[in-house]
Amino acid sequence: MGIFETLSFAAPELVLVLGAMALLITGVFIGDKSAKQIGYACVGLLLVAVLLVLFSPTAPTASLFDGAFRIDAFSTFSKVIIYLAAAVAILMSDQYFAGEKLRRFEYPVLIVLAVFGMSLMVSATDLISLYMGIETQSLALYILAAFKRDSRRSTEAGLKYFVLGALSTCLLLYGASLIYGFTGSTSFEEIARIASMEGANVGLIFGLVFLISGLAFKVSAAPFHMWTPDVYEGAPTPVAAFFSAAPKLAGMALFARVLVSSFHGALGDWQPVLAMIAVASMAVGAFSAIPQSNIKRLMAYSSIGHMGYALIGLSAGTAQGVKSVLIYMTIYVAMTIGAFACILMMRRRGGMTENIADLSGLTKTNMPLAIILTVLLFSLAGVPPTAGFFGKWYVFLAAVEAKLVWLAIVGVFASAVSAYYYLRIVWFMWFDEAAEPFERDAGPALKLTAWGSALLMFPVLTIFMGRLTELAGRAAAALF
Amino acid sequence: MIESFAEQPWLSLLTFAPMIGAIFIVISRMMAKKNDDGIIDGPDLEQVERNARMIALAFTVGAFLISLGVFALYDSSLAGFQLVEETAWLGGGISYKLGVDGISILFVLLTTFIMPICILASWDSIKSRVADYMIAFLVLETLMIGVFVSLDLFLFYVFFEGSLIPMFLIIGVWGSKGTKEFAGFTLPSRVYAALKFFLYTLIGSLFLLVAMAWMYAQAGTTDIVALQQVDFPAGAQKWLWLAFFASFAVKMPMWPFHTWLPDAHVQAPTAGSIVLAAILLKMGGYGFLRFSLPMFPLASADFAPFIYALSIIAIIYTSLVALAQEDMKKLIAYSSVAHMGFATMGIFTVTKQGIEGGLFQMLSHGFISGALFLCVGIVYKRMHTREIAAYGGLVHRMPLYAFLFLFFTLANVGLPGTSGFIGEILTLIGAFKVNSWIAFFATFGVILSAAYALRLFREVMYGELVKPALMSITDIDRRELLCLGALMAFTLYLGINPSPALDVFSPSVDLLMENYDAALAAGALR
């Protein structure tokens, strides 16, 4: 394959990275007054990338750069969701940063660079490209966490994320080197061949467990979740919104690709590990969120729990399981972005409020916001007929089909416990006396995001769920 | 011409008609003028509320008329599912499929009949957030009809669970005042009741979810008709049966899973209690008949003694508990548990009288308990208390009310000539056929129900009217009379002439028993 043909396959990534560079230079010359325009330009870049991914002129499946980078239905599906989530995250952030007098042109550019890293992650089929993708993403995310640099909480969040992130990268690298040592290759394909040939080689499993630990950190699965609540709470809210959506999907997609395409032969060895991580995440997500009074911390624990449910699907290790992970993550990304859009609308006297108690009596003061949040909370809790329920159904179904009925039962218990804290917010909004109303100055980007997300959860996805399962099924089949 | 008329998606129309009404109320809310804070108030609010009441009434009555049309199209001499419609939904054997048979059609009618009464009962007793209230009830109606017409287990689950959301809001927002100490902190008791209702029912249903996933993994479909043909292995049937039981026993509710019910009933507004008692509880019994018996016949036969035991405990124990209640609604709530005990007992005898009696009992309990909760609501609206001790001698001020209350009290006891009698006698006959001891113990329930119901009536109605607060209480108005009169007409009609209902049940019940016996015979051979 010639270099130009190869590069044409990687067109979305090239557009993102070159566009980001160009915008960075532009920003340096014009300064922060161009921040808004650069933001729109970044959204434009992401949308162009979506179009390039969707209307790729070539065959749906291709392997580039000596098998380090792969384009298939799986990567296409994940990339479209990641790009869209990132675009929405940029649009949502503008009003917040304008209010905080923190509008800087680096913000959207960093998001695009992080997205470039995620793009590499979901297409990586080699340990080296995997590492490159993760690091590109993480470096951008570290800076984003500390973006409000004059705030002690934000810098603390960035530092905490960086130190722990570096540690997890070490684990990951150590695992990767062990895997390389025992297989003699960094290519997933080659590793898969050797793993299935030699079966459970202890050294290989050792490496795999380290790799899993590193990846679990990236998707904030317990017991590698400690950073999540602090980073969510400390980072500026739009950053937390971005953190909770696209990187999670990218991490989970990478997780799926590594485990399924290179270690499918060792399913019996990693299945219990993943199942335990899933159980731990669900338990942490269910129980630790209960006493929270800060809604961002609550969302952090909630996202830990949600990663647990997605990992149930992954630990099934089947095509059905990967499909359920994709469905779950898509729905999760859509609802969590909507929930953060609502959090961004919780403004009083020019400042943000993050207390759950501030939502008291919201139905009496701001019915539209209350309705949106109610739909999203029921969806997060997984109560039908909202889309969140369908996500859970597919995950549990995958577990049951893979003879992991116990895991599904643990999952339903965790979701019953976690229903309590979502219901508690609904209770505040609907049953309690009205608190001081929020300001009604939310811009169209926030309103559209919140409404779009809520309407997607019910009734759009409820009706058109068949379409999503079909696409996810096709994407999952590409890994097998 | 006639066929194409019958082939229209009538059931979808029926199911979603109330939802359309809810959308109209939302639109009328959105169109209303808002003040600077984005709140509707003053005369605009009154206009919105008037519109909401009228729209809700129009659409619930409309749904009732559509359901009558559906009943006219339904051929009650056939056993299978009719008016079936199917559309692709999730793919892979999970579709949007609706249909009715002899077991479900009358529950659909019950739902659509009770709902206009609920709207009328809340006409002027609900004073705050009327539009939201009506929306919640219309959405709830759609979900309840959906439960009874779903022919796909997955779709059934969506409706079944979905009905928790509006009910949760109804109890929590429009529930009564008062606080409760729980786990060291104080919270409004309506919130406690709403959460308990939601979480209790949710946990029960989640077992059903896992069982459903397992069945889908085995059969590759959640189509109810197809699943009824699947022969699940006897060992698996036990677990599946227990999972379904967890869900339906909580919903029904059966002793000892009933503790959410008194809380929910006491706290819910009057119409919420009516819906809860008249329709939501019936979903449990319906579930047993639709899923447990036909899909897991071997397990059902094995667990039947267990059900009998729970039913008899429910009948006797909760009747005794009802005797000790100080709160009118709580008393009726416990009596509901006891009456549902008759229904479960009848259903699991798997005799024709038993099942039809169980169905009839549920239907008649829908009218009677609905009417009793309405009766309590009538005096609650006037006096703002449900304490039995706060009343006494009402008959002097409210003769018409006293008459109607007496009628429904006696119907609740099972007086011959009312529908309550038919349900109890049929389930008892069914029980006698299986084991006379069961019937013997269950009969105590009839005696005890007379004890607590007549005590309630005596203490509220008779005696001297000495309490000053009661001196100016007024008798029921025309709207209340209309509601109670309609319920009374059905109770009386079905009590004197039960055959129209029994004839509708009959072919489907026959088919159910035929398949059940065949499955048991096949199971015995294995």
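Computed from a predicted model, the values in this text were never measured in an experiment. (Residues numbered from 1 in each chain as written. Chains lettered and ligands numbered in written order. Predicted model: local features only at pLDDT ≥ 70, side-chain atom pairs only at ≥ 80, totals over all residues. Heavy atoms only, no water.)

1. Some details on the overall build of chain A
Moving on, step 1. Helix and strand counts for chain A stand at 20 helices and four strands.
Moving on, step 2. In terms of its C-alpha atoms, chain A occupies a principal-axis envelope of roughly 65 × 55 × 40 Å.
Moving on, step 3. Counting only residues that meet the buried cut, chain A has 65% of its 480 residues in that class.
Moving on, step 4. Contacts spanning at least 24 positions in sequence make up 82% of the contacts within chain A whose residues lie at least 6 apart.
Moving on, step 5. For chain A, the exposed surface amounts to about 16,000 Å²; the carbon and sulfur share of it is 69%.
Moving on, step 6. Each charge class in chain A can be summarised by its mean position, and for the 30 positive and 27 negative side chains these summaries are 6 Å apart. (Helix = DSSP H or I, 4+ residues; strand = E, 2+ residues; numbered from the N terminus. Buried < 20%, exposed > 50% of the residue type's maximum accessible area, 1.4 Å probe, protein only. Contact = heavy atoms within 4.5 Å. Areas by Shrake-Rupley, 256 points an atom, 1.4 Å probe, with all protein chains shown as cover. Lys, Arg positive; Asp, Glu negative; His and termini not counted. Charge placed at Lys NZ, Arg CZ, Asp CG, Glu CD.)

2. Points about the side chain of Lys251 of chain B
Moving on, step 1. With respect to the helices and strands, the residue Lys251 of chain B is situated in helix 10 (residues 234-251).
Moving on, step 2. One buried charged residue, Lys251 of chain B, remains without a salt bridge, the closest side chain of opposite sign being Glu161 of chain B at 6.2 Å. (Salt bridge = Lys/Arg side-chain N within 4 Å of Asp/Glu carboxyl O.)

3. Re the interface of chain A and chain B
Many analyses report the size of an interface as the accessible area lost when the parts associate.
Moving on, step 1. Facing 37 residues of chain A, the contacting portion of chain B comprises 38 residues.
Moving on, step 2. A buried area of about 3,400 Å², summed over both sides, lies between chain A and chain B, and 81% of it is on carbon and sulfur atoms.
Moving on, step 3. Summed over the shared surface of chain A and chain B, the number is six residue pairs in polar contact (both at pLDDT 80 or more).
Moving on, step 4. Every element with two or more residues in the side of chain A that touches chain B is listed here: helix 16 (362-365), helix 17 (367-381), helix 18 (387-401), helix 19 (405-431) and helix 20 (444-477) of chain A.
Moving on, step 5. No other element matches the 14 residues that helix 19 of chain A contributes to the side of chain A that touches chain B. (Buried area = accessible area lost by both parts, 1.4 Å probe. Polar contact = N/O pair within 3.5 Å; in protein donor to acceptor, adjacent residues only side chain to side chain.)

4. Things to note about unusual backbone geometry
Residues and elements named next belong to chain A.
Moving on, step 1. In this structure, the amide linkage connecting Ala222 to the following residue, Pro223, adopts the cis form with an omega of 0°.
Moving on, step 2. With respect to the helices and strands, Pro223 occurs in the loop between helix 9 (202-218) and helix 10 (227-234).
Moving on, step 3. With omega at 10°, the peptide bond leading from Phe458 into Pro459 counts as cis.
Moving on, step 4. Topologically, Pro459 is positioned in helix 20.
Moving on, step 5. The phi angle at Asp66 is positive, at roughly 55°, despite the residue not being glycine.
Moving on, step 6. Within the secondary structure, Asp66 sits in the loop between strand 1 (62-64) and strand 2 (69-71).

5. Digging into the environment of Met513 of chain B
All names here are of chain B.
Moving on, step 1. Here Met513 is to be found in helix 21 (residues 499-525).
Moving on, step 2. Each C-alpha atom of the pair Met513 and Ala371 lies 33 Å from the other, and the pair is 142 residues apart in sequence.
Moving on, step 3. When sequence neighbours within four positions are dropped, the list of residues in contact with Met513 reads Val350, Thr351, Lys352 and Ile355.

6. Comments concerning the packing of helix 13 (residues 282-295) of chain B against helix 16 (residues 352-383) of chain B
Residues and elements named next belong to chain B.
Moving on, step 1. Two numbers describe how helix 13 lies on helix 16: the axes approach to 10 Å, and their chain directions differ by 155°. One way to sum up the angle between helix 13 and helix 16 is to call them roughly antiparallel. The hand of the helix 13/helix 16 crossing is left-handed. Residues Lys282, Gly285, Tyr286, Leu289 and Leu293 of helix 13 form the contact with helix 16, whose participating residues are Ile355, Leu359, Met362, His365 and Gly366. (Axes fitted to C-alpha atoms, helices over the stretch in contact; angles between N-to-C directions. Parallel < 35°, antiparallel > 145°, perpendicular 65-115°, else oblique. Left-handed = near helix turned anticlockwise from the far one by under 90°.)

7. Thoughts on the pairing of strand 2 (residues 94-100) of chain B
For a regular strand, side-chain orientation follows a simple rule: the groups alternate between the two sheet faces.
Residues and elements named next belong to chain B.
Moving on, step 1. Counting buried residues along strand 2, seven of its seven residues qualify, which places the element largely inside the surrounding structure.
Moving on, step 2. Of the two faces of strand 2, the one lined by Ile94, Tyr96, Leu98 and Val100 and the one lined by Ser95, Lys97 and Gly99 are each fully buried.
Moving on, step 3. Between strand 1 (residues 82-91) and strand 2, which pair antiparallel one after the other, the connecting turn spans two residues, and Gly92 there sits at a positive phi close to 65°. (Pairing = 2+ DSSP bridges.)

8. With respect to the pattern of salt bridges
In a structure, side chains of opposite charge can pair up when their charged atoms sit close to one another.
Moving on, step 1. Within this structure, the stated rule accounts for 34 salt bridges over all chains.
Moving on, step 2. Between Asp32 of chain A and Arg104 of chain A there is a salt bridge; the shortest N-O distance is 3.1 Å. Pair noted here: Asp32 of chain A is in the loop between helix 2 (11-30) and helix 3 (35-54) and Arg104 of chain A is in the loop between helix 4 (73-99) and helix 5 (106-123), with a separation of 72 residues, a long-range link.
Moving on, step 3. By relative accessible area, which is 30% here, Asp32 of chain A ends up partly exposed.
Moving on, step 4. Residue Lys352 of chain B pairs with Asp510 of chain B through a salt bridge whose shortest N-O separation is 3.1 Å.

9. Some remarks on the confidence of the model for chain B
Moving on, step 1. For chain B, the mean per-residue pLDDT works out to 90, and 99% of the residues sit at or above 70.
Moving on, step 2. For this predicted complex, the interface confidence reaches an ipTM of 0.93, while the overall pTM sits at 0.94. (pLDDT = per-residue confidence, 0-100.)

10. Quick word on the packing of helix 6 (residues 127-145) of chain A against helix 7 (residues 152-183) of chain A
Residue and element names in this part refer to chain A.
Moving on, step 1. For the pair helix 6 and helix 7, interaxial distance at closest approach is 9 Å and the crossing angle is 170°. Between helix 6 and helix 7, the crossing angle belongs to the class labelled roughly antiparallel. Side by side, helix 6 and helix 7 meet where Leu127, Leu130, Tyr131, Ile134, Glu135, Leu141, Tyr142 and Ala145 of the first sit next to Ser154, Ala157, Gly158, Tyr161, Phe162, Gly165, Ala166, Thr169, Leu172, Leu173, Ala176 and Ile179 of the second.
Moving on, step 2. Here the residues of the contact of helix 6 with helix 7 are counted per class, giving 15 nonpolar, four polar and one charged. (Nonpolar A, V, L, I, M, F, W, Y, C, P; charged D, E, K, R; others polar.)

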